[in-house]
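Remarks on the overall topology
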Amino acid sequence: MLILLPPSEGKTPPDAGSPVDLAALSFPSLTEARQRVAAALAEVSGQDDALSQLGVGATLVHEVSRNTRLAHEPAAPAHSIYTGVLFDALGYPSLTPAQKRKADAAVVVVSGLWGAVGFADSIPAYRLSMSVGLPGVGKLASYWKPQLAAALADHSENHLLVDCRSSTYAAAWVPDPARTVAVNVFTERDGVRKVVSHFAKHTRGELARHLLTRRGKAPETPAQLAKAAAERWIVELVPGTPRKAHTLNIILND
């Protein structure tokens, strides 16, 4: 089983640590592509209109400034850099050592800057959304799509993929639909369902934690995933097609 996550928008920079070693990150075949994106990001982030090009507000000027010196910034494991609703619900710091090893092996974060990283990979804090286009690179989702297809093919083979990514990040890699289950979250009141992004992020984080902490074998099929999720939630499994992944709908009572 692999759990696919989006990065958090905000990142927590480490106080100290060695700079990122691109060659030491998971999926080393992406090194050259990462260098190209990092160089383009540094160039854009040093320009007068950097905030508008990166689609962020004035309160994030310090984070954008950090983009210009990522090669020298301290790095730390991705599970401590990425913070926010989903990652708080996953709760990596409170996992047992065995559960942390399981998370390090199972979690893949799809990133606008790195393409994809493992949970234990050491990276600096940065600011870059997959929805951004960079000079010389173009739209990041389009740029990464062939790169990730090649880099993740072997790594994902024979694994069930639990896809907790948002649509922006899901566009950057479309894995084999037969082995992929996209996770949707709805609130329901009086038979009416609504998608609420905050609850979706939180519940996807809780699902990831549940899969990492529950006893027994990890699910290997969509049906087994639905059964595991049903231990905590009301769920529906919508079968996929040859071109569309399965869907696990988690229903929360509003």
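A brief look at the structure comes next.

Reading the values: rules and limits
Residues numbered from 1 in each chain as written. Predicted model: local features only at pLDDT ≥ 70, side-chain atom pairs only at ≥ 80, totals over all residues. Heavy atoms only, no water. Pairing = 2+ DSSP bridges. Helix = DSSP H or I, 4+ residues; strand = E, 2+ residues; numbered from the N terminus. Phe/Tyr/Trp six-rings, centres within 6.5 Å; stacked < 30°, edge-to-face > 60°. Buried < 20%, exposed > 50% of the residue type's maximum accessible area, 1.4 Å probe, protein only.

**Focus: the pairing of strand S9 (residues 180-189)**
Side-chain positions along a regular strand alternate between the two faces of the sheet. Here strand S8 (residues 161-163) pairs with S9 via 3 bridges, running parallel. The residue bridging Val162 from the neighbouring strand is Val181, located in S9. Judged from the 8 bridges that link them, S9 and strand S12 (residues 246-253) form a sheet pairing that is parallel. Directly across from Phe186, in S12, lies its bridge partner Ile251. Taken together, the 3 bridges between S9 and strand S10 (residues 192-194) define a ladder with antiparallel strand orientation. Residue pairing for S10: Arg189 is matched across the bridge by Val192.

**Some words on the packing of aromatic side chains**
What characterises a pair of aromatic rings is the spacing of the ring centres plus the angle enclosed by the ring planes. Tallied over the entire structure, the rule returns 6 aromatic pairs. Pairing Tyr82 with Phe87 gives two aromatic rings, centres 5.7 Å apart and planes at 25 degrees, and the pair type is stacked. As far as burial versus exposure is concerned, Tyr82 and Phe87 are alike and both buried. Aromatic side chains Trp114 and Tyr126 sit 5.8 Å apart centroid to centroid with 85 degrees between the ring planes, which places their arrangement in the edge-to-face category.

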